[in-house]
Amino acid sequence: MLTSMSLKKPYRPFPSFLFCFFVFLYPIHQAKAANFIYASCSPSKFQPGTPFQTNLISLLTSVAAVASHSQATAYNSFATGTDSASPPGAAVYGLYQCQNDLKADECSACVQSAVGQLNLACPDSYAASLQRDGCFVRYSNENFLGRADTSLVYRKCSSSTSNEEEFFRRRDEVLADLQTGAGFRVSSSGTVQGCAQCIGDLSSADCTACLAQAVEQLKNSCGSATSTDVYLAQCYAKYWTSGYYSRCTAG
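Read on for a plain summary of the structure. None of these values were measured; they are calculated from a predicted model. (Residues numbered from 1 in each chain as written. Predicted model: local features only at pLDDT ≥ 70, side-chain atom pairs only at ≥ 80, totals over all residues. Heavy atoms only, no water.)

### Some thoughts on the nonpolar core
Membership of the largest hydrophobic core comes to 29 residues, with the highest contact counts inside it found for Tyr 96, Val 111, Leu 118 and Tyr 139. When residues of this core are traced back to their parent elements, those giving at least two are strand 2 (36–41), helix 1 (51–67), strand 4 (92–98), helix 2 (104–121), strand 5 (127–132) and strand 6 (135–140). Non-local contacts of Leu 118, meaning those with residues more than four positions away in its chain, are made with Leu 60, Pro 123, Ala 128, Ser 129, Leu 130, Val 137 and Tyr 139. (Core = buried A, V, L, I, M, F, W, Y, C linked by side-chain atoms within 4.5 Å. Buried < 20%, exposed > 50% of the residue type's maximum accessible area, 1.4 Å probe, protein only. Helix = DSSP H or I, 4+ residues; strand = E, 2+ residues; numbered from the N terminus. Contact = heavy atoms within 4.5 Å.)

This is the structure we're talking about:
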């Protein structure tokens, strides 16, 4: 039995995909879409034709279908194969999340593309996640839902740098502001802008702790870079100088 954790409204069936589904980051230049950021895949593989594969196909089909619903929220979580009738090892847990300022059709298109790209990036993986500009999709054979995790998944520092005192002051103002809010937050100070977001099932305390770790990574790992992105398992934070992004497009 499949359970959607936050959306109870019915949805239209979405065409099934044949998901003949290492941890590694799938290089951005190998993705067909320009707004692919990263994919992280477990090294363990499942065998085709198993109950786990059946449940995974069901879960990902539902992820794409629920995201396409006109009343869908920006975040939804799912679980299938968790009932007592299911054989051991068949359970699958998953979620999707869109950037909060995306329109419903933009969120739907992003999630459906992410689901399709998981098949290419992480074939037969027991656990996988994929980040695109605007949305995030993750599934696993272990229940990760609502559990705090601040492990680093992806980091990018621009080659352009600045050693101006004004830049550092403005950057630190933005990063401090990004840590004060839960969910999706955008901030700016002078020519520096930034945004941050936590996974929707995190508590306020866990979200704050995750963002603090992300900001620490931004400062310590990227130094004077004028644009940086840091994605942890359950949150992300980024900043940039004016002109680097047309808008904050990550989710």
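### What to know about the pattern of salt bridges
A full pass over the atoms with the stated rule returns eight salt bridges. The shortest N-O distance in the salt bridge between Glu 166 and Arg 169 comes to 3.0 Å. With a gap of three residues between them, Glu 166 and Arg 169 both fall in helix 3 (residues 165–178), about one helical turn apart. Overall, Arg 169 belongs to the partly exposed group, its relative accessible area being 39%. A salt bridge links Glu 166 to Arg 170; the shortest N-O distance between them is 2.8 Å. Residue Glu 166 and its partner Arg 170 are both found in helix 3; the two are separated by four residues, about one turn of the helix. Arg 170 sits in the partly exposed class, given a relative accessible area of 25%. Connected through shared salt-bridge partners, Glu 166, Arg 169, Arg 170 and Glu 173 make up one network. (Salt bridge = Lys/Arg side-chain N within 4 Å of Asp/Glu carboxyl O.)

### Digging into the side chain of Ser 129
Assignment of secondary structure puts Ser 129 in strand 5. Apart from the residues lying within four places of it in its own chain, the contact partners of Ser 129 are Tyr 38, Ala 39, Ser 40, Leu 118, Phe 136, Val 137 and Arg 138.

### Notes on unusual backbone geometry
Its identity is not glycine, yet Asp 124 carries a phi of approximately 60 degrees, on the positive side. Among the structural elements, Asp 124 can be located in the loop between helix 2 and strand 5.

### Here we look at the sheet that holds strand 11 (residues 235–241)
The pairing of strands in a sheet comes from backbone hydrogen bonds and takes either a parallel or an antiparallel form. Read across the open sheet, the five strands follow the order 7-10-11-9-8; overall the sheet is antiparallel. The sheet is open, and its two borders are formed by strand 7 (152–157) and strand 8 (184–189), each paired with just one other strand. Put simply, the sheet's adjacent strands are angled 5 degrees from each other on average, direction ignored. Relative to strand 10 (residues 227–232), strand 7 runs antiparallel, the two sharing five bridges. By the bridge assignment, Arg 155 is partnered in strand 10 with Val 230. Contacting strand 8, strand 9 (192–198) and strand 11, helix 3 crosses the sheet at an angle of about 160 degrees to strand 8. (Pairing = 2+ DSSP bridges. Axes fitted to C-alpha atoms, helices over the stretch in contact; angles between N-to-C directions.)

### Overview of the environment of Asn 143
Tracing the backbone shows Asn 143 in the loop between strand 6 and strand 7. For the pair Asn 143 and Ala 79, spaced 64 residues apart in sequence, the C-alpha to C-alpha distance is 8.6 Å. Within the structure, the side chain of Asn 143 is placed 3.1 Å from the backbone nitrogen of Leu 145, a separation counted as a polar contact. (Polar contact = N/O pair within 3.5 Å; in protein donor to acceptor, adjacent residues only side chain to side chain.)

### A closer look at helix 1
In this model, helix 1 (17 residues) spans 24 Å end to end at C-alpha, consistent with the 24 Å of a helix rising 1.5 Å per residue. Summarising burial for helix 1: 14 of the 17 residues are buried, a large majority. (Expected span 1.5 Å × (residues − 1).)

### Details of the packing of aromatic side chains
Each pair of aromatic rings is reported with the distance of its centres and the angle of its planes. Counted under the stated rule, the structure contains 10 aromatic pairs. Taken together, a centroid distance of 6.3 Å and an interplanar angle of 55 degrees make the contact between Phe 167 and Tyr 239 tilted. Remark: Tyr 239 occurs in strand 11 and Phe 167 occurs in helix 3; sequence separation between them is 72 residues. Of the aromatic side chains, those joined through ring pairs into one cluster are Tyr 38, Tyr 154, Tyr 231 and Tyr 236. Lying over the aromatic face of Phe 144, Arg 138 brings its terminal NZ or CZ to 3.9 Å of the ring centre. (Phe/Tyr/Trp six-rings, centres within 6.5 Å; stacked < 30°, edge-to-face > 60°. Lys NZ or Arg CZ within 6 Å of the ring centre and 35° of its normal.)

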